[in-house]
Amino acid sequence: MIRLNDITREILSYHPKADITLVEKAYVYSAKVHQGQIRLSGEPYLSHPLEVAHILAQMKMDVVCITAGLLHDTIEDTVATLEEIERLFGSETARIVDGVTKISKIQFSSREQRQAENIRKMILAMSTDIRVILVKLADRLHNMTTLGYHTPEKQRLIARETLDIYAPLAGRMGIYWMKSRLEDLCLYYLEPAIYTRIKEEIARKRGERERFIQEVKDTISKKLQEHGIQATVKGRHKHFYSIYKKMREQNLEPNQVYDVVAFRVIVNSIKECYEALGHIHAMWKPVPGRFKDYISMPKPNMYQSLHTTVVGPVGEIMEVQIRTWEMDTVAEQGIAAHWKYKEGFSAKESDEKQFSWLRQLLEYHQSLKDPVEFLESVRMDLFPNEVYVFTPKGEVKEFPKGATPIDFAYSIHSEVGHHCMGAKVNGKMVSLKYQLKTGDMVEIITSPKAHPSKDWLELAKTARARNRIRQWINKQEREESITLGKAILEREVSGSGLNLPNVIKSEILEEVAKELSFHSVEDLLAQIGFGKISPRQVIGRLRTKLGLKEERASGFVSKLVHKLKRRKEGKGIEVRGVGDMLVRFANCCHPLPGEDVVGYITRGRGITVHNKGCKQILNADPDRLVDITWSGSEEDVYLAKLRITSLDRKGILAEISSIMAKRDANIIQAEVKTTSDKKGIALFTVEVKDYNHLQDIVESIKRLKSILMVERV
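Residues numbered from 1 in each chain as written. Predicted model: local features only at pLDDT ≥ 70, side-chain atom pairs only at ≥ 80, totals over all residues. Heavy atoms only, no water.

Right, let's talk about helix α29 (residues 691-702) for a bit. Residues three or four positions apart in an α-helix share a direction because the helix packs 3.6 residues into each turn. For α29, with 12 residues, the first-to-last C-alpha span of 17 Å sits near the 16 Å given by 1.5 Å per residue. On the buried face of α29, the contacting elements are β19 (638-647), α28 (652-662), β21 (679-688) and β22 (707-712). (Helix = DSSP H or I, 4+ residues; strand = E, 2+ residues; numbered from the N terminus. Expected span 1.5 Å × (residues − 1). Contact = heavy atoms within 4.5 Å.)

This is the structure we're talking about:
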């Protein structure tokens, strides 16, 4: 178990003049409030904050941060209060502890929502003090090392959350040793069998690989020394999770993953980095497409290094990283190498770029009210597989792997994104599905008539683009729903006998909207259009305000009687008396004249016509169902789909087509395939007049020789 002396000794090793009295005071306080508490491992609870503080000391953090590490669980798990923490240890310490504290006293509807709110609070706290996440990462790392004392179900839940959120956050902070450790621990609990196989495979070849590593280190050192470059060369096995990812991506077994060894070459200057790269490429053939220059294009956390993969001795594929000593310090310490709290300074201006993504996450917090959507945005922006592309003016923009021109357009401005109609990449037109590649020069083509569609949500990879598209769609759906809600309410009022010729602009409706907890009449109309508020509720309140008695009626369904104009692909529906409303036929059951049908008020889309026996409609909200009847003319036609299974006999398709032609059914589309057991399956889309017409066709086809089954799809 870690002791206080271990922590103070570590602090004084990198900051000899540090005032450690605050740490000692926090230790005494934490021991007092946690007294009697035991962890699942059987150890005193105090062992956990001591371990967290020691991890922070190893990261060379300042006294305030380490003090917060000792106190991080006091508010949640003891009688301690935030006010007391602030009074005893200062506002800085209290702010960090508050940012780390879980939201344990708020009730959430789901575990995912609770997780989302925890992450949201942490991100907000990070935006003002980055030490919040450093304490949280240290807390999570120690909890992961003691996860074995939890139930298997909880182990998987915590490991999945760590892999989704905390390991990528450690990567964003540039603390790669912690990212690797967290990922390996997660793999151990999420895929224990694979973890064991990888571990055994590495252990089996350990002696052989250690000899190989030493040979390569000596070769590189000797080669660079011959050319006057002083270098330190390090070699190591890649961590288990990176091997697992390669296995998953390429469908390999552990013994089939070859590039499991990585080397690091540390030199004195940037010039020597590129010289060393040239000498290494002269010795061993580089693997095409595996070179990355993070020196000229640093990662968002300011990580810098040259990465190359070469075919080394005896055909062994190996990764080589080349960097300066300063770059190596940043790579090892991550954010602690930039954020000089221990010296009493704030971040340099040149370091501000490192935290630009935090400001972006704060922007998401302000625009996204749904915590689950916020969590999705955080997840998307934490994973660091980036590509770098250029604007026509030469500005470099960074995107996640798989990003499209839509992401590029929204990175310029929301209006550019909203009106994007196409893109040129390297001077050539590309589709909006094109995936950007590092080095691409991208130009967006806009049009005032272009606008986002729901399909764009599938194409966009950045949280910014998805958020802007979602906002635009929500705004359009709201406007459509307001129009639909207005039409529904006006017709309901007209048929109810209320003397309100201009109900939408009446002050009474404003009062009703406020009584129903809406900010405006428009909000009320939108919810009626979405189908979330029944006009019957509004009519009842209007009657009360006008001093009229409530009429007993069979409900909203019997009230909403109107005649609908047939849209181009589906006419012949009547809802007794009112017209000019949008109507559509359900794709799930394809209703036909002659069948019993019912209308369903669909969110922002008018009324959808279903068969009464349709599975989609059986559990529907009865207040959104509308009685409808068929009123089509003899000229109307409707689409129906038939699946016909037959023996694979010559001429059978011609006979089926002949029957359809004789019964005046026009074939719109046909798909035919033959199965391995000598059966033919044909899918026909045909135009029919009504249900009886379709049944006549079905019965006629069934009488053909070799027909096994005829079914309506």
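So, next bit.
Our next topic: the pairing of β21. Direction of pairing for β19 relative to β21: antiparallel, over a ladder of 10 bridges. Note that in β21 the partner of Lys641 across the bridge is Thr685. Where strand β20 (residues 666-674) meets β21, 8 bridges bridge the pair, whose relative direction is antiparallel. Across the sheet, the residue bridging to Glu671 is Leu683, located in β21. Hairpin connection of β20 to β21: 4 residues between the antiparallel strands, including Lys678 at a positive phi of 65 degrees. (Pairing = 2+ DSSP bridges.)

Using the criterion set out here, one finds 18 salt bridges in the structure. Across the pair Asp328 and Arg264 runs a salt bridge, and its minimum N-O distance is 3.4 Å. Placement of Asp328 in helix α16 (residues 325-333) and of Arg264 in strand β2 (residues 261-267) is noted, with a sequence separation of 64 residues between them. Owing to a relative accessible area of 14%, Arg264 belongs among the buried residues under this scheme. One connected set of salt bridges, linked through shared partners, spans Asp62, Glu92 and Arg131. (Salt bridge = Lys/Arg side-chain N within 4 Å of Asp/Glu carboxyl O. Buried < 20%, exposed > 50% of the residue type's maximum accessible area, 1.4 Å probe, protein only.)

This part covers the sheet that holds strand β10 (residues 428-430). Across the sheet, 3 strands lie side by side as β10-β9-β11; this open sheet has antiparallel pairing. Strand pairing shows two members of the sheet lacking a second neighbour, β10 and β11 (442-446), which therefore form its edges. In this sheet, neighbouring strand axes are inclined to one another by 35 degrees on average, regardless of whether the strands run parallel or antiparallel. In this sheet, β10 lies alongside strand β9 (residues 420-425) in antiparallel orientation, the contact comprising 3 bridges. Bridging from a neighbouring strand, Lys424 pairs with Met429 of β10. The strands that helix α19 (residues 405-412) touches are β9, β10 and β11; relative to β11, the one it contacts most, it runs at about 80 degrees. (Axes fitted to C-alpha atoms, helices over the stretch in contact; angles between N-to-C directions.)

Moving on, we get to the packing of aromatic side chains. Any aromatic ring pair is given by two values, namely how distant the centres are and how the planes are angled relative to each other. For the coordinates displayed, the defined rule picks out 10 aromatic pairs. Taken together, a centroid distance of 6.0 Å and an interplanar angle of 40 degrees make the contact between Phe399 and Phe408 tilted. Like Phe399, the residue Phe408 is buried in the burial classification. Ring pairs connect the aromatic residues Tyr188, Tyr189, Tyr195 and Phe240, which therefore count as one cluster. (Phe/Tyr/Trp six-rings, centres within 6.5 Å; stacked < 30°, edge-to-face > 60°.)

Remember that the coordinates give geometry; whether it matters functionally is a separate question.
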